[in-house]
Amino acid sequence: MKRTMAWVLCIALTTAGCATTRTTGAVVAPSGIAVANSRVLAEYVQRIPLGSPVRVQFANGKEMRGTLMKATDQNVVVQPKTRVPEPALEIPLGEVMGIALESKKGGSVAKTIGIGVAVGVGAAVGFLLFLVAALD
Amino acid sequence: MRTLKLVIPVVLAGFAALHPSPALGQTTSPLARADVTGVVAILGVENDAVAPYVDDDWHSSFFGGLAAGWYWTDNLKTELDFGAGTESQVYRSTPITIGGRSTYVSTQSTISQRTLGVSQQYQFFRNVWFHPHVSGGVNVSWEDITDEISPVVIYDPAAPPRQVEPGRRARPRTETTVRPFIGTGFKAYFNQRGFFRTDIRFAFRSGLDEVLVRAGFGIDF
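Here the residue numbering is sequential within each chain, running from 1 through the sequence in written order. Chains carry letters and ligands carry numbers; both start at the beginning, A for chains and 1 for ligands, and go up in the order they are written. Only residues with pLDDT of at least 70 are given local features in this predicted model, and only at 80 or more are side-chain atom pairs given and counted; all residues enter the totals for whole chains, interfaces and linings.

Our next topic: the overall build of chain A. Strands here are runs of E lasting at least two residues and helices are runs of H or I lasting at least four, both read from the DSSP assignment and numbered beginning at the N terminus. Secondary structure assignment for chain A yields three helices and six strands. Each helix and strand of chain A, ordered N terminal to C terminal, gives the series α-β-α-β-β-β-β-β-α. Split into buried and exposed, the 136 residues of chain A put 19% on the buried side. As a rule, residues whose C-beta atom has 12 or fewer other C-beta atoms within 10 Å are exposed, those with 20 or more are buried, and those in between are partly exposed; C-beta atoms are placed from the backbone.

Listed below in structure tokens is the structure:
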């Protein structure tokens, strides 16, 4: 059992990238492995410090970003990272394909750049509109 | 007319086929119920004039307006917008023959336009800071046109120029036009409710007939 766990852990950590763990799809994997992977995922999630920004990938292909608020054997509670605050979501681990730890700094910088670019483009367009109309 | 036939089903399909995805325990009621945006824009309209000599194929004007939208879901919004433009001028020259002599009638039209549009938008993503959108709809334009017609003068090499018709100002008239349009743009939020918005839309009648580029600020309710 320990060997199986070790193999599963190694595969999960090496295939999913840094600070990420994924369950293999229950549909394609033998049920024993799927159960083991869920357990690995639960153990992994419980070791992530609460308050960390995470990206949750769901079995149905959807994805969400948020802040990890609680993690148990059965589920995780994540506060979604949204523009307008929303209630924290309790997500059963069975619905989760993987959870990745996100860089706090990167997300914030990306958001700031995105907003800056959008506002800059908008302001430039607005100014051009004004110029074109004034010169017409 | 073909464009209208294409746009209307797309708009109706937007209502019928698209619905919110209540995944991840999201609430089904939209995050914002409505929004209002004040916009400035540049409006370019293709000239209708059929005269052989027209100074420009398009006339443009500075445009200001207000748009109000109602969210049926987080992604589907119906929007009503109204705008009015500054005056623009179109010059055209039409050849005529008087007493066997060729000459021209020059007309300078001053045009100002008001537009009322209704559109259906599909807004991508939910509760994020940047929302692109696509839209389709119909706008009604009222063009107030005043023609200044120059005096008609016949130039004869053997005689001095002779004015055969005085210059005059035609009675102002208003032309109403309905055009289907498609558009795309984005909303970029700078706080939870306030946003900057810009979009471009293309209206059709006989080919591309009108281009409107708008930018403005608004708020969600």
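Another aspect to go through is the overall build of chain B. For chain B, the helix and strand inventory stands at one helix and 13 strands. Helices (α) and strands (β) of chain B occur, in sequence order from the N terminus, as α-β-β-β-β-β-β-β-β-β-β-β-β-β. By the criterion used throughout, residues are in contact when their C-beta atoms, derived from the backbone, lie within 7 Å. In chain B, 58% of the contacts between residues at least 6 apart in sequence involve partners at least 24 apart.

As a further point, take the confidence of the model for chain A. Confidence per residue, as judged by the predictor, is encoded in pLDDT with a range of 0 to 100. For chain A, the mean per-residue pLDDT works out to 74, and 55% of the residues sit at or above 70. A low-confidence stretch, residues 12-29 of chain A stays under pLDDT 50, and its non-local contacts, those more than four residues away or across chains, total 32 contacts.

Another aspect to go through is the environment of B:Phe130. Here B:Phe130 shows up in strand 7 (residues 130-149). Taking the C-alpha atoms as reference, B:Phe130 lies 24 Å from B:Val211; in sequence the two are 81 residues apart.

Turning our eyes to something else, we now look at the nonpolar core. A:Leu41, A:Val45, A:Val54, A:Val56, A:Leu68, A:Ala71, A:Val76, A:Val78, A:Ile91, A:Val96, A:Met97 and A:Ile99 form the largest nonpolar core, which has 12 residues in total. Elements represented by at least two residues in this core include exactly helix 2 (31-47), strand 2 (53-58), strand 3 (63-71), strand 4 (75-80) and strand 6 (96-101) of chain A. Broken down by element, this core gets its largest block of residues, three residues, from strand 6 of chain A. Joining buried Ala, Val, Leu, Ile, Met, Phe, Trp, Tyr and Cys residues through C-beta atoms within 7 Å gives a set, and that set is a nonpolar core. B:Ile42, B:Val45, B:Phe63 and B:Leu212 belong to the second-largest nonpolar core, a separate cluster that totals 10 residues.

Take the confidence of the model for chain B next. Residues and elements named next belong to chain B. Confidence in the prediction for chain B averages 85 pLDDT; 84% of positions are at 70 or higher. Ranking the elements of chain B by mean pLDDT puts helix 1 (residues 2-17) last with 50 and strand 4 (residues 76-85) first with 96. For the stretch residues 15-26, pLDDT sits under 50, and the model shows 15 contacts to residues farther than four places along the chain or on other chains. Scored by ipTM, the complex comes to 0.70, with pTM at 0.71.

The side chains of a regular strand alternate, residue by residue, between the two faces of the sheet. Residue and element names in this part refer to chain B. Taken together, the 11 bridges between strand 1 (residues 34-46) and strand 13 (residues 207-220) define a ladder with antiparallel strand orientation. Considered in strand 13, the bridge of alanine 41 is made with arginine 214. Between any two strands, pairing holds if DSSP finds at least two bridges. Where strand 12 (residues 194-205) lies against strand 13, 12 bridges are found, and the strand directions are antiparallel. By the bridge assignment for strand 13, threonine 198 is matched with alanine 215. What sits between strand 12 and strand 13 in their antiparallel hairpin is a turn of one residue.

What follows covers the environment of B:Arg193. Residues and elements named next belong to chain B. Among the secondary structure elements, arginine 193 is positioned in the loop between strand 11 (173-189) and strand 12. Since 14 C-beta atoms lie within 10 Å of it, arginine 193 is described here as partly exposed. The spatial distance from the C-alpha of arginine 193 to the C-alpha of aspartate 220 is 5.0 Å, given a sequence separation of 27 residues. Setting aside residues no more than four positions away along its own chain, arginine 193 makes contact with Ile219 and Asp220.

Moving on, we get to the environment of A:Lys81. Residue and element names in this part refer to chain A. Topologically, lysine 81 is positioned in the loop between strand 4 and strand 5 (89-92). According to the C-beta neighbour criterion, lysine 81 is partly exposed, with 19 such atoms within 10 Å. In this structure, the C-alpha to C-alpha distance between lysine 81 and threonine 67, residues 14 residues apart in sequence, is 6.9 Å. The residues touching lysine 81, leaving out its near neighbours within four places in the chain, are Arg65, Gly66 and Thr67.

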